[in-house]
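Structural features, examined
What follows is each chain in one-letter form.
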Amino acid sequence: MKAAVTTKAGNPDVIEIQERSKPQIKEGWVLIKIKAFGLNRSEIFTRQGHSPDVTFPRIQGIECVGEIEEDLSGTYKTGQKVAAIMGGLGRNFDGGYAEFTTVPLEIAFPFESDLPWTVLGAIPEMFQTVSGSLNEALEINEGETLLIRGGTSSIGMLACQLAKTKGLTVISTTRNPDKENHLKENGADYVLLDNGKIHHALKNLFPNGVDKVLELIGIETLKDSLQCIRPKGTVCMTGILGGSWTMQEFTPMGDIPSLGRLTVYMGDSANLQKDLLQEFINAVAAGKINLNIDKIFKLDEISEAHTYMESNQAKGKIVVEI
Ligand SMILES: NC(=O)c1ccc[n+]([C@@H]2O[C@H](COP(=O)([O-])OP(=O)(O)OC[C@H]3O[C@@H](n4cnc5c(N)ncnc54)[C@H](OP(=O)(O)O)[C@@H]3O)[C@@H](O)[C@H]2O)c1
């Protein structure tokens with residue numbers, strides 16, 4: 001098979017197109033014929049050698065979509081469409097940058113769809129981040145209020161759309177007043193300008209606080225986000241757009257309001273319900289969710305695709321078609 005192999009840590013040109021033997025299936029795993037995959041920022045860090053568990057050479061790619069080629073367990077028929085996400089894919093074992101891959105059964109998510117593979121390829125990681133954060137971590141419900149901190153990010157925009165399909169009221173934030181309309185067009189009911197402290201402005205709109213907060217900026221705004229929730233409200237930290245991992249001072253009895261709840265979502269595929277992927281794909285097919293795909297590359301162009309992602313020119317998901 002043809003595979004894009006990251007030969008060593010380095011710049012995008014360390015990824016080489018090579019002929020490899022088709023991976024051997026083992027018990028409890030399935031063989032997938034890959035049709036497309038999305039690129040992810042974490043794959044830049046892995047390529048650069050910053051992922052502690054990753055050794056080279058490695059076929060990267062933490063997500064892919066395709067068809068079952070072989071399943072010894074008989075769970076899936078040959079040709080069943082599946083998405084595979086995370087669980088060590090493209091890090092601890094070879095991943096999606098290839099014509100075939102083998103994955104453990106538990107990270108293969110079956111689905112039915114007539115959407116083009118290039119659209120389906122954009123879905124798994126975006127779906128798992130947004131769905132995992134909203135459904136599993138925040139447990140959103142119809143009628144609730146949701147504050148999305150970092151609302152103009154791809155994840156924030158998609159989270160808003162998904163929350164609106166579930167009947168929530170959404171408040172999205174941006175630092176940039178010019179993006180207010182962009183957020184409203186995407187479905188936000190309210191937009192707040194974020195200078196790092198918005199809880200007073202938020203409480204002007206919702207005096208008791210909101211039910212849920214999706215925190216995508218991270219450490220810089222986390223304490224302020226905790227001040228935005230109602231008693232028994234929840235904040236989920238999913239992103240670190242602000243760039244910091246560690247908070248210097250945190251006082252749980254004080255920084256978390258009484259009865260407030262703080263959780264995180266770290267993208268474990270075991271945290272996801274398989275039927276929600278189908279629901280999400282159906283919403284994309286019905287035009288209820290706009291995926292915002294920026295550019296499609298071929299497998300041979302993988303080094304260019306990495307260069308493009310690293311240049312921050314993309315305004316949406318980058319997809320590679322096999
Ligand atoms: N937990 C998981 O499983 C998981 C999975 C995927 C991604 N993530 C995380 O989710 C976050 C969003 O990812 P993405 O790819 O959707 O991001 P993105 O599209 O690249 O986000 C771009 C937006 O982020 C905002 N931003 C950038 N730097 C900022 C800063 N210092 N302070 C506040 N806002 C800032 C800007 O908004 P304005 O200029 O409009 O303010 C910008 O429009 C990232 O932190 C990513 O690591 C988590």
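Our subject is the structure listed above.
Residues numbered from 1 in each chain as written. Predicted model: local features only at pLDDT ≥ 70, side-chain atom pairs only at ≥ 80, totals over all residues.

**Considerations on helix H4 (residues 154-165)**
Between the first and last C-alpha of H4 there are 17 Å, a value that for 12 residues agrees with the 16 Å anticipated at 1.5 Å per step. Of all 12 residues making up H4, 9 are buried, and the element is well covered by its neighbours. Looking only at H4, the buried set comprises Ile155, Gly156, Met157, Leu158, Ala159, Cys160, Gln161, Leu162 and Ala163. In this structure, the buried residues of H4 make contact with helix H3 (123-137), strand E8 (145-149), strand E9 (169-174) and strand E11 (210-215). Backbone geometry just downstream of H4 places Gly167 in the positive-phi region, at approximately 80 degrees. (Helix = DSSP H or I, 4+ residues; strand = E, 2+ residues; numbered from the N terminus. Expected span 1.5 Å × (residues − 1). Buried ≥ 20, exposed ≤ 12 C-beta atoms within 10 Å, placed from the backbone. Contact = placed C-beta atoms within 7 Å.)

**Focus: the site of the ligand**
By nearness alone, 22 residues border the ligand, and Thr152, Ser153, Ser154, Gly239 and Gly267 come closest of all. Taken together, the residues of the shell around the ligand sort by class into 7 nonpolar, 12 polar and 3 charged. (Near = placed C-beta within 6 Å. Nonpolar A, V, L, I, M, F, W, Y, C, P; charged D, E, K, R; others polar.)

**Describing the environment of Ile171**
Within the secondary structure, Ile171 sits in strand E9. Here the alpha-carbon distance between Ile171 and Glu301, two residues 130 residues apart in the chain, equals 39 Å. If near-sequence neighbours (up to four positions away) are discounted, Ile171 is found in contact with Thr145, Leu147, Ala188, Asp189, Tyr190, Leu192, Leu202, Leu205 and Val210.

**Digging into the nonpolar core**
With 84 residues, the main nonpolar core has Ile32, Ala83, Ala84, Ile123, Leu146, Ala159 and Ala163 as its most contacted residues. Built from parts of two domains, this core gets at least three residues from each of domain 1 (2-122 + 291-321) and domain 2 (127-264). When near neighbours in sequence (up to four residues on either side) are disregarded, Ile32 contacts Cys64, Gly66, Glu67, Ile68, Glu69, Val82, Ala84, Phe100, Thr101 and Val103. (Core = buried A, V, L, I, M, F, W, Y, C linked by C-beta atoms within 7 Å. Domains from an automatic or database assignment.)

**Here's the deal with the environment of Ser21**
Tracing the backbone through its elements, the reader meets Ser21 in the loop between strand E2 (15-19) and strand E3 (29-38). On the basis of neighbour counts, which here come to 8 C-beta atoms within 10 Å, the residue Ser21 falls in the exposed class. Ser21 sits 73 residues away from Asp94 along the chain, and the two C-alpha atoms are 12 Å apart.

**Things to note about the packing of H3 against helix H9 (residues 274-285)**
The N-to-C vectors of H3 and H9 enclose an angle of 115 degrees; their axes lie 11 Å apart at closest approach. Overall, the two elements H3 and H9 adopt an arrangement that is roughly perpendicular. For the pair H3 and H9, the crossing hand works out as right-handed. Seen from H3, the contacting residues are Ile123, Phe127, Ser131 and Asn135; seen from H9, they are Leu276, Leu277, Phe280, Ile281 and Val284. For the contact of H3 with H9, the per-class residue count stands at 7 nonpolar, 2 polar and no charged. (Axes fitted to C-alpha atoms, helices over the stretch in contact; angles between N-to-C directions. Parallel < 35°, antiparallel > 145°, perpendicular 65-115°, else oblique. Left-handed = near helix turned anticlockwise from the far one by under 90°.)

**Comments concerning the pairing of E9**
Where burial is concerned, most of E9 is hidden: 5 out of the 6 residues are buried. The β-α-β motif built from E8, the intervening H4 and the parallel element E9 has right-handed crossover chirality. The pairing of E9 with strand E10 (residues 190-193) spans 4 bridges and is parallel. Considered in E10, the bridge of Thr174 is made with Leu193. Taking the sense of rotation as the criterion, the β-α-β connection linking E9, helix H5 (residues 180-185) and E10 turns out right-handed. (Right-handed = clockwise from strand over helix to strand, strands pointing away. Pairing = 2+ DSSP bridges.)

**Notes on the pairing of strand E5 (residues 81-85)**
Two faces belong to every sheet, and in a regular strand the side chains alternate between them. Of all 5 residues making up E5, 5 are buried, and the element is well covered by its neighbours. Note: strand E4 (residues 63-71) against E5, 5 bridges, orientation antiparallel. Bridging across to E5, Val65 finds its partner in Ala83.

**Quick notes on helix H7 (residues 219-226)**
Taken together, the buried positions of H7 are Thr221, Leu222, Asp224, Ser225 and Leu226. In this structure, the buried side of H7 is in contact with E8, helix H6 (199-205), E11, strand E12 (229-237), helix H8 (252-255) and strand E13 (261-264).

**Re the packing of H3 against H4**
Between H3 and H4, whose axes approach to 10 Å, the crossing angle comes to 60 degrees. As judged from the angle between their axes, H3 and H4 are oblique. Both H3 and H4 take part in a crossing whose hand is right-handed. Contact residues: Met126, Thr129, Val130, Ser133 and Leu134 in H3; Ser154, Ile155, Leu158, Ala159, Leu162 and Ala163 in H4. Along the lines of polarity and charge, the residues of the contact of H3 with H4 split into 8 nonpolar, 3 polar and no charged.

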